[in-house]
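Inside the fold
As a plain string of letters, each chain reads:
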Amino acid sequence: MGKTYRVGVVGCGGMGRHHSLAWTDHPGAELVAAADVNEEVARKVAEEFSIPAVYTDYNEMFRNEDLDIVSIPTWQGVRAEITIAAANAGIKGIIGEKPMAASLGEADDMIEACERKGAKLAIGHQSRFTPPRTEIRRLVADGAIGQPTLVYSRSKPKAGLLNIGTHAVDRWRYILSDPETLWVIGQTSRTTDR
């Protein structure tokens, strides 16, 4: 059997619970720490998944736990800061959720910090690899439908570009074999205060 990786989770809300479940089910991982600004939320996830250490300060967790991997399923507004701190702490595997960051500049900073420290950074766009999408990608690449000139997609009402919309954009790019982006045009409207 190979190495067992020490894993921590920063952000114990809904997606933090999903990440914790996935790590608990992975035979090569040991989920050793959970961090959240809300201690009660972190303790609830720790209890549910038998995580031995709970923190409200992710920097303290990074100092104390000798992590190999950290999942950062927080909201995008704080993810860049946490990712950079994880890379600077020497954590070599960093998994974030989508959207990657709140701005392109923050995303660039995350990439730069991880490259500088030799950390691997992955962002959770796993839905691109479903069997139907992989088959669609193959058919498009083989020319089975001709040359695509338009991609049209609908999403959940009021789901938001930063939430579900990032999956849609990633999905379009995947089925088109990840082409170089030449230009982008977009339109948004705000219908809620979310």
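The sections below set out a description of the structure shown in this document. (Residues numbered from 1 in each chain as written. Predicted model: local features only at pLDDT ≥ 70, side-chain atom pairs only at ≥ 80, totals over all residues. Heavy atoms only, no water.)

Let us now look at the overall build of the protein chain. Secondary structure assignment for the protein chain yields seven helices and six strands. When its helices and strands are written in sequence order, the protein chain yields β-α-β-α-β-α-β-α-β-α-β-α-α. With the C-alpha coordinates aligned to their principal axes, the bounding extent of the protein chain is approximately 55 × 45 × 35 Å. Taking the contacts inside the protein chain whose residues are at least 6 apart along the sequence as the reference set, 63% of them involve residues at least 24 apart. (Helix = DSSP H or I, 4+ residues; strand = E, 2+ residues; numbered from the N terminus. Contact = heavy atoms within 4.5 Å.)

A separate point is the sheet that holds strand 1 (residues 5-10). If you trace the six strands from one edge of the open sheet to the other, you get 3-2-1-4-5-6, paired in parallel fashion. Strands at the two margins of the open sheet, each flanked by one partner only, are strand 3 (53-55) and strand 6 (120-123). Shown here is a sheet whose adjacent strand axes are inclined to one another by a mean of 20 degrees, direction ignored. As paired strands, strand 1 and strand 2 (residues 29-35) are joined by six bridges and run parallel to one another. Bridge pairing in strand 2 places G8 opposite A33. (Pairing = 2+ DSSP bridges. Axes fitted to C-alpha atoms, helices over the stretch in contact; angles between N-to-C directions.)

Formed by 21 residues in total, the largest nonpolar core has its most connected members in V10, Y58, M61, F62, V70, I91 and I94. Counting only elements with at least two residues in this core, the list comes to strand 2, strand 3, helix 3 (58-65), strand 4 (69-72), helix 4 (76-88) and helix 5 (104-117). If one sorts the elements of this core by residue count, helix 4 sits on top with four residues. Residues contacting I91, with those up to four places away along its chain left out, are F62, L67, D68, I69, V70, A86 and A119. (Core = buried A, V, L, I, M, F, W, Y, C linked by side-chain atoms within 4.5 Å. Buried < 20%, exposed > 50% of the residue type's maximum accessible area, 1.4 Å probe, protein only.)

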